Amino acid sequence: MTDTERLRNLIREIPDFPRPGVGFKDITPLLADPVAFSTVVDLIVVHFGRGNIDKVCGIEARGFIVAAPVAYHCGAGFVPIRKAGKLPSESESEPYVLEYGEEILEIHRDGVLPGERVLIVDDVLATGGTAAAAVELVTRLGGKIEGVGCVIELEDLGGRSKLDGVEFFSLLRM
Ligand code: AMP
């Protein structure tokens, strides 16, 4: 079995969660497997390159779990991108459209400095709205987007098209 097949077997599909019609990709079996978890982190780090990244931005909440060890292994800092109202200091906000309604993502204004090389990490790329909002926030702070890395890409939803001109890497296309 290849690394990718092993990882794929550890994604649990939960039908109709959190809403009817959504096939939720549950990565907790993958996170609980020591080899799979380190493989995910290593493959993202190898793709973007150690020493090429100054900050890794993780998107709340599952993105944090993958982004933090990626930051550690890249020799980069970790910066949280959170839902509205959670960050304690001065923040930039960006609204984005979800399947039902709108959400807001925020980043601390001093989280990324102008010219810093930034990698954005999340668990799943679906429609791409979340990742595109994160790219917009980092760009507004003057960060240089080195790429977006995800564990899973839901290919049929075409989220990549919202990341025009951005290096995008996913481990599993589903
Ligand atoms: P989107 O903005 O549509 O690309 O949605 C991506 C965000 O929503 C990520 O932060 C994911 O954690 C979450 N998400 C969307 N769809 C799913 C899914 N089918 N399974 C798990 N997480 C999802």
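Residues numbered from 1 in each chain as written. Predicted model: local features only at pLDDT ≥ 70, side-chain atom pairs only at ≥ 80, totals over all residues. Heavy atoms only, no water.

A. Geometry of helix 5 (residues 129-140). The end-to-end C-alpha separation of helix 5 is 16 Å, in line with the 16 Å expected for twelve residues at 1.5 Å each. Of all the residues in helix 5, the buried ones are Gly129, Ala131, Ala133, Ala134, Val135, Leu137 and Val138. One or two steps after helix 5, the chain reaches Gly142, where phi turns positive at roughly 90°. (Helix = DSSP H or I, 4+ residues; strand = E, 2+ residues; numbered from the N terminus. Expected span 1.5 Å × (residues − 1). Buried < 20%, exposed > 50% of the residue type's maximum accessible area, 1.4 Å probe, protein only.)

B. Focus on the site of the ligand. The local shell around the ligand holds 14 residues, among which Asp122, Asp123, Thr127, Gly128 and Thr130 are the closest. Ala126 is positioned with one of its backbone polar atoms (N or O) 2.9 Å from an oxygen atom of the ligand. In isolation the ligand exposes 490 Å². Once the protein is present, 85% of that is buried. Secondary-structure elements contributing two or more residues to the shell around the ligand are strand 2 (23-26), strand 7 (117-125) and helix 5. With four residues, the single largest contributor to the shell around the ligand is strand 7. Each residue belonging to the shell around the ligand can be placed in one class, and the counts come to five nonpolar, five polar and four charged. (Near = heavy atom within 4 Å. Polar contact = N/O pair within 3.5 Å; in protein donor to acceptor, adjacent residues only side chain to side chain. Areas by Shrake-Rupley, 256 points an atom, 1.4 Å probe, with all protein chains shown as cover. Nonpolar A, V, L, I, M, F, W, Y, C, P; charged D, E, K, R; others polar.)

C. Region of interest: the nonpolar core. Formed by 27 residues in total, the largest nonpolar core has its most connected members in Leu30, Val40, Ile44, Val56, Val70 and Leu119. Secondary structure elements with two or more residues in this core: helix 2 (28-32), helix 3 (34-48), helix 4 (62-74), strand 7, strand 8 (144-153) and strand 9 (168-173). Considering each element in turn, this core owes the most residues, six residues, to helix 3. Listed in part, the 23 residues of the second largest apolar core include Cys57, Val135, Cys150 and Val166. (Core = buried A, V, L, I, M, F, W, Y, C linked by side-chain atoms within 4.5 Å.)

D. Highlighting the pairing of strand 3 (residues 55-59). Counting buried residues along strand 3, five of its five residues qualify, which places the element largely inside the surrounding structure. Alternating positions in strand 3 separate into two faces, Lys55, Cys57 and Ile59 on one and Val56 and Gly58 on the other, with burial throughout. At this point the chain moves from strand 3, through helix 4, to the parallel strand 4 (residues 77-83), and the crossover so formed is right-handed. Pairing geometry for strand 3 and strand 7, over four bridges, is parallel. Residue pairing in the sheet places Lys55 in a bridge with Val118 of strand 7. (Right-handed = clockwise from strand over helix to strand, strands pointing away. Pairing = 2+ DSSP bridges.)

E. Quick look at the side chain of Glu153. Its place among the elements puts Glu153 in strand 8. A distance of 2.7 Å separates the side chain of Glu153 from the side chain of Arg160, its partner in a polar contact. Every residue in contact with Glu153, bar those within four places of it in the chain, is listed here: Leu125, Arg160, Phe168, Ser170, Leu172, Arg173 and Met174. (Contact = heavy atoms within 4.5 Å.)

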